[in-house]
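Commentary on secondary and tertiary structure
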Amino acid sequence: MTHLPYIIPSYAITVLVVGWLSIGAWARMRRTTRKLAAIDTRAAQRSGR
Amino acid sequence: MTCGFKPRERGSKVTIVEQTNVLAPAGTRSLHRFANPGRFLRISGRVLPFLAIPALLLTVIGLYWGLFIAPPDYQQHDAMRIMYVHVPSAWLASAGYMALAICAVFSLVWRHPLADLAAVEIGPVGAAFCALCLISGSLWGKPMWGAWWVWDARLTSMLVLFFLYLGQIALVRGFDDPQRGYRAGAVLALVGAVDLPIIKFSVDWWNTLHQPATITLTGAPTMDSRMLWPLLVSTIGFTLAFAAIVIARLRAAVMERRIRGLLMARAQAA
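What counts as what
- Residues numbered from 1 in each chain as written.
- Chains lettered and ligands numbered in written order.
- Predicted model: local features only at pLDDT ≥ 70, side-chain atom pairs only at ≥ 80, totals over all residues.
- Helix = DSSP H or I, 4+ residues; strand = E, 2+ residues; numbered from the N terminus.
- Buried ≥ 20, exposed ≤ 12 C-beta atoms within 10 Å, placed from the backbone.
- Contact = placed C-beta atoms within 7 Å.
- Axes fitted to C-alpha atoms, helices over the stretch in contact; angles between N-to-C directions.
- Parallel < 35°, antiparallel > 145°, perpendicular 65-115°, else oblique.
- Left-handed = near helix turned anticlockwise from the far one by under 90°.
- Nonpolar A, V, L, I, M, F, W, Y, C, P; charged D, E, K, R; others polar.

1. Concerning the overall build of chain B
Scanning chain B from N- to C-terminus turns up nine helices and zero strands. Seen in sequence order, chain B has helices and strands lined up from the N terminus as α-α-α-α-α-α-α-α-α. Out of the 270 residues in chain B, the part that is buried amounts to 38%. The long-range fraction of contacts in chain B, counting pairs at least 24 apart against all pairs at least 6 apart in sequence, stands at 73%.

Okay, here's the thing in structure tokens:
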């Protein structure tokens, strides 16, 4: 395959950036889901008392 | 003759969203239904797996097909394989900015609350794809043109788009009052949308080093189908990935807003 020094970095950067965006978005969503669930549970417990 | 509005009863619990829904034109009422955060979270939660899983599969298939199976170009040889990451990035950089401009219209005209949040979340993703387009284009340009960068109309207009993204990102986060930031970002997104037709037609209006479009809506593609199919697959895969990333970020932003609201209510009650 010709031009490998140009092809490999272009694919690698694309995969890294898209992967980083995807994993970052997924992790942020899970973090906020857990935090919201914890707050909602505490709020429900408090109102039930 | 009635105007169709019911006067709001004193003490009734009509939300801002419901009020906006009544005041909105018929065509936008259905869109305002999605301004309800609970409804948005429910619907987007169902949609997200149907975007994320095909996105992953199609992107992997498209990139593998383009890298190892598609034939090399008779002039550009294997450097042409950069097209399978460059073209989707360029398309999504432009489409992302178009989405920002649409959000700006919804924010400025109809005050759609989710449009502001969507604009905040689309900006960094669009900027990342714009940067990928510029980097992969540079890596393609060096072996083909002998230069990493030329001040060509297509390249320059794409660089302007990247700076517009950076400006929008800075504006929506740069004010103490978020509403002012959202409005400033929306105005920039609308004004900056003028760059999109310039990017599209730059290769026709000026004598550029960048090649003209090989795929158009009106004519047949000037590309061999063995190269066209992997390009379409990777473009669809990246587009679904873009949508999945934005929806996941938007879900997180909606939940973060709800968490802030709950914590503030708790602090006030204490």
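2. Comments concerning unusual backbone geometry
At His77(B), a residue that is not glycine, the phi angle is positive and equals roughly 55 degrees. The class for His77(B) is partly exposed, based on 14 C-beta atoms found within 10 Å.

3. A look at the packing of helix α5 (residues 113-145) of chain B against helix α6 (residues 153-173) of chain B
Residues and elements named next belong to chain B. Axis separation between α5 and α6 bottoms out at 9 Å; the angle between their running directions is 150 degrees. In terms of orientation, α5 and α6 fall into the roughly antiparallel class. Here the hand of the crossing between α5 and α6 comes out left-handed. Taking contact as the criterion, the partners of Ala-119, Val-120, Gly-123, Pro-124, Gly-126, Ala-127, Cys-130, Ala-131, Cys-133, Leu-134 and Gly-137 in α5 are, on α6, Leu-155, Met-158, Leu-159, Leu-161, Phe-162, Tyr-165, Leu-166, Gln-168, Ile-169 and Val-172. The class makeup of the residues in the contact of α5 with α6 is 17 nonpolar, four polar and no charged.

4. Some thoughts on the packing of helix α4 (residues 83-110) of chain B against α5(B)
Residue and element names in this part refer to chain B. One way to put it is that α4 packs onto α5 with a least axis distance of 8 Å and a crossing angle of 155 degrees. As the angle between them shows, α4 and α5 are arranged roughly antiparallel. Relative to α5, the crossing made by α4 is left-handed. Partitioned by chemical class, the residues of the contact of α4 with α5 number 20 nonpolar, eight polar and one charged.

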